[in-house]
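Results of the structural survey
Now for the letters of each chain:
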Amino acid sequence: MSAFLVGVDLALCVLIVLAALDYLRAVFALDRPVECASFYVVAVGAFMMILSLADGHVPSPGSVLIHLGVVIYATEHYSQIFEQHWRWDGRDRRDSRG
């Protein structure tokens, strides 16, 4: 059971880090400083959790449920959180600020 929890929590933490980095890629930090700071904290926290899982820490079922809740929330509100009209390289974002 603990190997299952480690695997699920590791996958959820990777998804959380990728989603936070995608948001931070698309948003200019000075336009939304509080949101950007919170996403930085989430990305760093999830990355530290990945490191602790790699070190052999076994997560509790509660922490796995919290991570699952974050992933479900981000999936459900993806269009409200992430700007989808920008290209991946960020050129549109930089040109609009110019």
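Residues numbered from 1 in each chain as written. Predicted model: local features only at pLDDT ≥ 70, side-chain atom pairs only at ≥ 80, totals over all residues. Heavy atoms only, no water.

**With respect to the overall build of the chain**
Here is the rule we go by: Only runs of H or I of at least four residues qualify as helices and only runs of E of at least two qualify as strands under DSSP, and these elements are numbered from the N terminus. Between two residues, a contact is recorded if the distance between any of their heavy atoms is within 4.5 Å. With residues, only the protein chains shown are counted as cover, and all accessible areas are computed by Shrake-Rupley using a 1.4 Å probe.
Within the chain, the secondary structure is distributed over five helices and zero strands. When the helices and strands of the chain are read in sequence order from the N terminus, they spell out α-α-α-α-α. The contacts of the chain with a sequence gap of at least 6 include a subset with a gap of at least 24, amounting to 71%. Accessible surface, the chain as shown: approximately 6,500 Å² in total, 68% of it carbon and sulfur.

**Thoughts on the side chain of Ser 63**
Its location among the elements puts Ser 63 in helix α3 (residues 61-76). Residues in contact with Ser 63, not counting those within four places in the same chain, are Asp 9 and Met 49.

**Here's the deal with the confidence of the model for the chain**
In plain terms, the rule: Note on scores: pLDDT gives the predictor's confidence for each residue, bounded by 0 and 100.
The share of residues in the chain with pLDDT of 70 or more is 79%, and the mean pLDDT across the chain is 79. Confidence scores differ between elements of the chain, with helix α5 (residues 91-97) showing the lowest mean pLDDT of 57 and helix α2 (residues 33-54) the highest of 86.

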